[in-house]
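Observations on the three-dimensional arrangement
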Amino acid sequence: MSQAPDKLIGSVPSRIVEDARLQLTPYEGRVAEFNVATWLQLPGLANLPVSLLVSYRDGDKRREVSVDHGKVNAHGKILLSGIARMPVRQKIEDMQVRLRSAVPAQSLIVEEFFVQAVELANSESRQAMA
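Here we take up the layout of surface pockets. Once rolled over the atoms, a probe with the size of a water molecule shows which space is left empty. Of the voids in this model, the largest pocket is the one considered here, and its volume is about 200 Å³. Looking at the largest pocket, it is lined by 14 residues, and the ones nearest its centre are V17, E18, K91, I92 and E93. Counting only elements with at least two residues in the lining of the largest pocket, the list comes to α1 (14-17) and β7 (92-101). Among the elements that make up the lining of the largest pocket, the one with the highest residue count is β7 (4 residues). Among the residues making up the lining of the largest pocket, the classes are represented as 8 nonpolar, 2 polar and 4 charged.

Below, the structure written as structure tokens:
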């Protein structure tokens, strides 16, 4: 079965990408983590499964990681969210959040779109509690 082309939900500005602190992990090497969330309207895809993924360039390689999967509701809406764990050898560039579906989405309405480096969210909540 041929895959319908991914739909771009949004590009992530480099200032947000640069907020991520790289963590050193034993297996994946350096990893950047981002909270990603989006509310979408997908007319024509009611009750169908879709996936949220992040693609990015790392040096001369294009990589992608899966963030969330879900089923579009009867009204053609879905909330997808999760943590994108992105292994990095050189530097994250051209970070994009994309939607993948077996049936091509005729149109895609992005109601909400949020990306933030995980460590940043953690340090802000610690400051708020202090």
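Turning next to the nonpolar core. Counting residues in hydrophobic clusters, the biggest one holds 30 residues, and the most contacted among them are F34, V36, L42, V54, M86, I92 and M95. Of all the secondary-structure elements, those providing two or more residues to this core are α1, β3 (29-41), β4 (49-58), β5 (61-71), β6 (77-88), β7 and β8 (109-117). Broken down by element, the residue count for this core peaks at 5 residues, all from β6. Leave out the neighbours within four places in its chain, and V36 touches L52, V54, V67, L80, S81, G82, A84, V97, F114 and V115.

Conventions used here
Residues numbered from 1 in each chain as written. Predicted model: local features only at pLDDT ≥ 70, side-chain atom pairs only at ≥ 80, totals over all residues. Heavy atoms only, no water. 1 Å grid on protein atoms, 1.4 Å probe; cavity = no way out; pocket = protein on both sides within 12 Å on 5 of 7 lines; lining within 4 Å. Points joined across faces, edges and corners; volume = space filled by probe spheres on them. Helix = DSSP H or I, 4+ residues; strand = E, 2+ residues; numbered from the N terminus. Nonpolar A, V, L, I, M, F, W, Y, C, P; charged D, E, K, R; others polar. Core = buried A, V, L, I, M, F, W, Y, C linked by side-chain atoms within 4.5 Å. Buried < 20%, exposed > 50% of the residue type's maximum accessible area, 1.4 Å probe, protein only. Contact = heavy atoms within 4.5 Å.

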